[in-house]
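Architecture at a glance
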Amino acid sequence: MTASRPCARRRPQPDGTALLHPYLGRLAAWATAGGRGDGTAGLPDDGAVGELAERLHHRPSERDLHRPAITVRAFGATSSAAQRRALTREVLDAVTLRIGPPTLYGGAADGPVVRWRTTGRTLLLDRGEEGLRLSVRRTAELEAEERARFTPGSRSDPASYYRQVPYLWQLHRHSAGSPPLDLPSVPAARDWSWLEASLTALLGAWWEQLPAQIGPHDVAGFNLVAPGGRARCGDGLSVLCSEADGVQLLVDDRTVPGGTPGAVMVGRGWGQQVMGWWQRDFHDLGAAGAAAAARMAVGELRLRGVRSPGEVAVTEVRCEDGGLLALPGLALRR
């Protein structure tokens, strides 16, 4: 991507806001030009977005630390997942070009949550009501607020709880900044409905967000296992996600004497058998594939003798291209 010519700098005022004025002027022009439509017309250019990120990251004023987040790309009501991915990649590229790669990639149920983090401050790229936005916050204050939102309280609807969790996944690829020493996480699933809702939220976020953040060729995944129990799932059920294949499930059938009959597995929805593992991909279902995969994963675990989510653990959390991948939104013990 070719960066646009940066706008001229103005002499800083005592509150440090003057450097932001060229950007805000273009932001106003964008709104007047109808930038709230499909997110593509009349927007501030990549150079302005990069300049804003650089200023907030390296030279924030006290006012910046308290101001509302600034929308830099709009998502219209009819924006498709492909359009949202493209806009996320565009903004992420513009900011990375200016200040380097983020400390933490990641996302919530409704959009990306990407951070350039130091122990003192965090530049945040996330999704608000109008679209993608940038803000800077004191790290301790931001993370204390987020930690509180991991507590379900009296919520009885798992889907609504996982939708409000501040982030479901994070990936640190040894870039600049300081990742946190520990992360909050959602509680272990109370029952199968809570586990299914947790998987649905996580896989839905991955399906839309991973291509824009980790690239078209990387694959993220984890295994669901039931160690020490009577379940017949061998090395477990593997959950994968990539741009090429979307969400994909594989289950180990090798511990079943003679294997589960093919007609039975096909009847459960599995597609093909590869070296003792049955495979199913959900690429053809688009966004609906996340819920279908979560439902099928939970159903398969139960059919193989797992009695409750408390018997299930998550292992081998990974991205093939490396980095430390964490799943604070997955309601299972580690």
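Structure shown above.
Residues numbered from 1 in each chain as written. Predicted model: local features only at pLDDT ≥ 70, side-chain atom pairs only at ≥ 80, totals over all residues. Heavy atoms only, no water.

1. Here's the deal with the overall build of the chain
- Within the chain, the regular secondary structure consists of eight helices and 13 strands.
- Every one of the 334 residues in the chain was classed for burial, and the buried ones make up 54%.
- Restricting the contact set of the chain to residue pairs at least 6 apart, pairs at least 24 apart contribute 65%.
- A total accessible area of about 14,800 Å² is found for the chain, and carbon and sulfur atoms account for 52% of it. (Helix = DSSP H or I, 4+ residues; strand = E, 2+ residues; numbered from the N terminus. Buried < 20%, exposed > 50% of the residue type's maximum accessible area, 1.4 Å probe, protein only. Contact = heavy atoms within 4.5 Å. Areas by Shrake-Rupley, 256 points an atom, 1.4 Å probe, with all protein chains shown as cover.)

2. Looking at the sheet that holds strand β13 (residues 324–326)
- Here seven strands make up an open sheet; going across it, the order is β1-β5-β4-β3-β2-β6-β13 and the pairing antiparallel. Looking at the sheet topology across the chains shown, the edges are occupied by β1 (70–74) and β13. The mean angle between the axes of side-by-side strands here comes to 20 degrees, regardless of whether they run parallel or antiparallel.
- In terms of strand pairing, strand β6 (residues 169–172) meets β13 through three bridges, oriented antiparallel. From the neighbouring strand, Q170 faces β13, where its bridge partner is A326.
- Lying on the sheet, helix α3 (residues 81–99) is in contact with β1, β2 (105–108), β3 (111–117), β4 (121–127) and β5 (131–138); it crosses β3 at an angle near 5 degrees.
- Sitting on the sheet, helix α6 (residues 192–214) is in contact with β2, β3, β6 and β13, with an inclination near 30 degrees to β6. (Pairing = 2+ DSSP bridges. Axes fitted to C-alpha atoms, helices over the stretch in contact; angles between N-to-C directions.)

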